[in-house]
Amino acid sequence: MMDSMGLPTPHEPPPLLALRKVSRHFRLPREGWAAAPVLRALESVSLEIAAGEVLGLVGESGSGKSTLGRVALRLIEPTSGTIEFEGADITTRTGRGLRELRARMQMVFQDPYASLNPKRRVGDALDEVLKLHGLSAPANRSERVVKLLEQVGLSADDRSRWPREFSGGQRQRIAIARALAVRPRLLVADEPVSALDVSVQAGILALLRSLQSELNLAMLFISHDLGVVEVMADRVMVLYLGRVMEVAPTRALYTAPRHPYTAGLLAAVARAERGGRPSVVLREEIPSPADPPSGCVFRTRCPFVQERCAIETPRLEDLGGGHLRACLRKDLDFGSSLS
Amino acid sequence: MCLNAIGSPDEDDGSMMAGALHQNGPPVIAGTPYTTSPDRGADRTGLPSSTPSLLEIEALRTEFLTASGVLPAVDGVSLTLSSGETLAVVGESGSGKSVTALSILRLFNRGDRAHMHGAIRWRLADGSTIDLAQLAEPALRSIRGREIAVIFQDPGASLDPVFTVGAQIREALRRHRPGEDAERIAVELLRDVGIADPERRVAAYPHQLSGGMRQRVMIAIALACRPRLLIADEPTTALDVTIQAQIMRLLADLKRKYGMALLFITHDLGLVAEIADRVAVMYAGQVVESGPVDQLLKQALHPYTRALLECRPKRHYRDSGEDERVLLPIPGAPPRPGSIERGCRFAARCAYREARCTLDPVDLELAQAPGVQVRCLRWRELG
């Protein structure tokens, strides 16, 4: 089965989450007499996540990865395109329907210091979620709170403590417990370990990974850290200026990337870890999403740019094996340069 | 003046970062014999060098007086740095790595009630040595920026939004290199730090530049006074990985070109391989291991250093499809300053802990490999 973009549908039955040609534009304040500029945060992005699958989303700041995570949860409205969850179109769902949806899709944010109410004891915060969604009978709620805390590596005693008494890593565990309280099928994790010390990060990642397989949880795992995404994801999508550059199973993307942007990102990491000079060097910086380059948006930083890259816009083409990439240069393969 | 590397350029008296030391607390007690530290004089970091050190920090203890008591952020740190050398100080939040660096120039926030003990010996261009810890504030001001410059993590907060980048570079030049053609040098500096079209960009305001470009401007301001030491405090942490790669390369190139020494502060052990000559790993206010970078990355001796190297997530691909995902966290969290227990400070999180580890403070010892020091009772067995 192929959809309108020519993407093969890798999953039967229908995916848990599907975005179809989703765009999100933000209108910026007008400057002078010129028409108000439009920031194209997302431009016709399609993706699918199967039940229990972890899709990694990488890109630099300004790539639109956080916007995509929020659009998927209907925290931000798409300008165009549709969002499907469990096979149903949820793009315009409101009120009670949207609330019911929220019990099945949850989010974990980057900053565990900002995402917990400092004036609420941890046990009460979890209890409130259960109460709001009416998911546990009042008699069972406290038992469920204890179970949730234990599930994330905390203990029953932690119920009566305040958020300020916990370290960053422990707070992120509480945030995860809160997200899991409603028994979601999809978790959007937006940079969930970026604010934590490196010695603590691995513990949170291991927790997410084990919960994911235990609960058959699907995840949209957003991070700027390619090493973290490599460990977490089954498949990875690379965004640049709101467009999809490449999608592939994790192994293919990390060992044989086919897009120069992916290769440049990986080379920048490999250089830091092994020393020496990167094989693919990206020039300059990501341009403003309000004024993207013509043709291929990546061309201004691409070491392999040709004249036609300014004129033609590359389509996302299927290379087989679930590997897709958007590049006019058909001769590029970076497998050997990275190994 | 080069102080705009850390604050607004119009505040010319330097009191903003260090004045608090004199206004709110007793003067710095420097050079007082430091009897409680077992480290005094014993733990020079790295190889004995034939050239005299540019900077010698000895038994530095920096504590902050807070409502909840005295917090020793740095507790008996000794480090040395030779001309043109790069020393990376690595540690997690609360390790004291930044406070160590900021103590050199007393760059504390207004209102921080900081006390410093120990010596910070700086060798001047004429070969004589002064103790920065004992230097009065006005004299220290002539060292800041001119001899030792600093760049910070957040270039947005360090630049003044109401002045063009050119004006901020010229300010530094006027103070430290009067009589030179500031306009021309400002453009040259921007070109040196890899800013395209510097003639035009010199008139840009900070908000018109990206994060990476602002960090380049900060580096240009730091270089304006041709310092002999550049302190870079997590200079790439706020930047994307591709920009981080560019800035790291730039720092390495500029260090060579300007013949500066570099004190590179980072939480990311992955970054040190490409830039550092030597590394000092800090934990809970102390150096726990130091040595030449290759040696330390190849054969770390301290359990904390090893755990730091191993906690980066890794994935080994298997043809069976069941890939091996390696996630090795260090249990627990770093201790908060002020809540430090007896004995080895890492003991609570250490996989190799024994009963004796929690009895007495552990000293830094010379290890077998030249220039390596380690603070662990069991390093011989574990090495």
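Residues numbered from 1 in each chain as written. Chains lettered and ligands numbered in written order. Predicted model: local features only at pLDDT ≥ 70, side-chain atom pairs only at ≥ 80, totals over all residues.

Chemist: Could you give me a rundown of the overall build of chain B, with the residues and numbers involved?
Modeler: Regarding its fold elements, chain B presents 13 helices and 14 strands. Looking at the 383 residues of chain B, the share that counts as buried comes to 52%. Within chain B, contacts between residues separated by at least 24 positions form 68% of all contacts whose residues are at least 6 apart in sequence. (Helix = DSSP H or I, 4+ residues; strand = E, 2+ residues; numbered from the N terminus. Buried ≥ 20, exposed ≤ 12 C-beta atoms within 10 Å, placed from the backbone. Contact = placed C-beta atoms within 7 Å.)

Chemist: Outline the overall build of chain A, listing residues and values.
Modeler: On a plain count of helices and strands, chain A comes out with 10 helices and 12 strands. For chain A, the C-alpha radius of gyration of 21 Å lies close to 20 Å, the compact-globule estimate for 339 residues. C-alpha atoms of chain A, sized along the principal axes, occupy 70 × 50 × 45 Å. Counting only residues that meet the buried cut, chain A has 47% of its 339 residues in that class. Long-range pairs, those at least 24 residues apart, make up 64% of the contacts in chain A between residues at least 6 apart in sequence. (Rg over C-alpha atoms; globule rule 2.2 N^0.38 Å.)

Chemist: Any chance you could break down the confidence of the model for chain B for me, citing the residues and the numbers?
Modeler: All names here are of chain B. When the pLDDT values of chain B are averaged, the result is 84; 86% of them are 70 or greater. pLDDT under 50 marks residues 1-49. Its contacts with residues more than four places away, or in other chains, come to 127 contacts. Scoring the predicted complex yields pTM 0.85 and, for the interface, ipTM 0.84. (pLDDT = per-residue confidence, 0-100.)

Chemist: Got a sec to walk through the pairing of strand S6 (residues 105-108) of chain A? Specific residues and values, please.
Modeler: Residue and element names in this part refer to chain A. Both faces of S6 are covered, namely the face carrying Met-105 and Met-107 and the face carrying Gln-106 and Val-108. Note that S6 and strand S7 (residues 186-190) share 4 bridges and pair parallel. Looking at S7, one finds that Met-105 is bridged to Leu-186. (Pairing = 2+ DSSP bridges.)

Chemist: Residues and numbers for the packing of helix H5 (residues 165-176) of chain B against helix H6 (residues 182-192) of chain B, please.
Modeler: Residue and element names in this part refer to chain B. Viewed as axis vectors pointing N to C, H5 and H6 meet at an angle of 115°, and their least axial separation amounts to 9 Å. Seen along the crossing, H5 lies across H6 with a hand that is right-handed. Within the contact between the two elements, H5 uses Gly-166, Ile-169, Arg-170, Leu-173 and Arg-174 and H6 uses Ala-182, Ile-185, Ala-186 and Leu-189. For the contact of H5 with H6, the residue count by class is 6 nonpolar, 1 polar and 2 charged. (Axes fitted to C-alpha atoms, helices over the stretch in contact; angles between N-to-C directions. Left-handed = near helix turned anticlockwise from the far one by under 90°. Nonpolar A, V, L, I, M, F, W, Y, C, P; charged D, E, K, R; others polar.)

Chemist: Report on the environment of Gly123(A), specifying residues and quantitative values.
Modeler: Residues and elements named next belong to chain A. With respect to the helices and strands, the residue Gly-123 is situated in helix H3 (residues 122-133). When the C-alpha atoms of Gly-123 and Ser-160 are compared, they prove to be 6.1 Å apart, with 37 residues separating the residues in sequence. If we ignore the near neighbours within four places in the chain, the residues touching Gly-123 are Val-145, Arg-159 and Ser-160.

Chemist: Give me helix H5 (residues 168-180) of chain A: which residues, what numbers.
Modeler: All names here are of chain A. Spanning 13 residues, H5 covers 18 Å between terminal C-alpha atoms, matching the ideal 18 Å at 1.5 Å per step. Most of H5 sits out of view: 12 of its 13 residues are buried. Of the residues making up H5, those classed as buried are Gly-169, Gln-170, Arg-171, Gln-172, Arg-173, Ile-174, Ala-175, Ile-176, Ala-177, Arg-178, Ala-179 and Leu-180. Tucked inside the fold, the buried residues of H5 contact S6, H3, helix H4 (138-151), S7 and helix H6 (198-215). (Expected span 1.5 Å × (residues − 1).)

Chemist: I'd like a rundown of the interface of chain A and chain B, residues and numbers included.
Modeler: Residue-level contacts link 30 residues of chain A with 30 residues of chain B. Looking at the side of chain A that touches chain B, the elements with two or more residues in it are H6, helix H7 (226-232) and helix H9 (260-274) of chain A. Its residues assigned to classes, the side of chain A that touches chain B comprises 13 nonpolar, 9 polar and 8 charged.

Chemist: Quick one: what's the story with the sheet that holds S7(A), residue by residue and with numbers?
Modeler: Residues and elements named next belong to chain A. Taken together, 8 strands build an open sheet; the order of strands is S6-S7-S8-S3-S9-S10-S12-S11 and the sheet is mixed. Only two strands of the sheet have a single neighbouring strand rather than two, namely S6 and strand S11 (317-318). The sheet contact formed by strand S9 (residues 235-240) and strand S10 (residues 243-249) spans 6 bridges and is antiparallel. Bridging across to S10, Val-238 finds its partner in Glu-246. Across the sheet, helix H1 (residues 65-72) touches strand S3 (54-58), S7, strand S8 (218-222) and S9, and the angle it forms with S8 is around 155°. Packing of H5 onto the sheet brings it into contact with S6 and S7, and relative to S6 it is tilted by some 170°.

Chemist: Quick one: what's the story with the pairing of strand S1 (residues 55-66) of chain B, residue by residue and with numbers?
Modeler: Residue and element names in this part refer to chain B. Among the 12 residues of S1, 10 are classified as buried, and the element is accordingly described as predominantly covered. Note that S1 and strand S4 (residues 114-123) share 8 bridges and pair antiparallel. Considered in S4, the bridge of Phe-64 is made with Ala-114. Across 10 bridges, the pairing between S1 and strand S2 (residues 69-81) is antiparallel. Within the sheet, the bridge partner assigned to Glu-63 lies in S2 and is Pro-72.

Chemist: An account of unusual backbone geometry is needed here, citing residue identities and associated values.
Modeler: Located in the positive-phi region is Glu284(A), a residue other than glycine, with phi close to 45°. Structurally, Glu284(A) is set in the loop between H9 and S11. Residue Glu234(B) is not a glycine yet carries a positive backbone phi of 50°.

Chemist: Go over the sheet that holds strand S4 (residues 80-85) of chain A, please, and point to the residues and values.
Modeler: All names here are of chain A. If you trace the 4 strands from one edge of the open sheet to the other, you get S2-S1-S4-S5, paired in antiparallel fashion. Edge positions in the sheet fall to strand S2 (38-49) and strand S5 (88-89), since each of these pairs with one other strand and no more. Direction of pairing for S4 relative to S5: antiparallel, over a ladder of 2 bridges. The residue of S5 that forms the bridge with Phe-85 is Ala-88.

Chemist: Account for the nonpolar core, with residues named and values stated.
Modeler: Within the largest apolar cluster, 205 residues are counted, with the highest numbers of intra-cluster contacts made by Phe221(A), Ala220(B) and Leu263(B). With 8 residues, the top contributor of residues to this core is helix H8 (residues 211-223) of chain B. If we ignore the near neighbours within four places in the chain, the residues touching Leu263(B) are Leu81(B), Leu87(B), Val89(B), Ala101(B), Leu229(B) and Ile231(B). (Core = buried A, V, L, I, M, F, W, Y, C linked by C-beta atoms within 7 Å.)

Chemist: Provide a residue-level description of the environment of Asp225(A), including the pertinent values.
Modeler: Along the chain, the position of Asp225(A) falls in the loop between S8 and H7. Along the primary structure Asp225(A) and Ser167(A) are separated by 58 residues, whereas in three dimensions their C-alpha atoms are 22 Å apart.

Chemist: Give a description of H6(A) that names residues and reports values.
Modeler: Since there are 3.6 residues in each turn of an α-helix, residues three or four apart along the chain are aligned in direction. Taking 1.5 Å of rise per residue, 18 residues should cover 26 Å, and H6(A) covers 26 Å from first to last C-alpha, within 8% of that figure. On its buried face, H6(A) is in contact with S3, H5, S7, S8 and H7 of chain A together with helix H12 (303-310) of chain B.

Chemist: An account of the environment of Ser63(A) is needed here, citing residue identities and associated values.
Modeler: Residue and element names in this part refer to chain A. Position of Ser-63 relative to the elements: it lies in the loop between S3 and H1. Residues Ser-63 and Ser-288, spaced 225 residues apart in sequence, show a C-alpha to C-alpha distance of 9.8 Å. Ignoring anything within four residues of it in the chain, the contact list for Ser-63 reads Leu-239, Tyr-240 and Leu-241.

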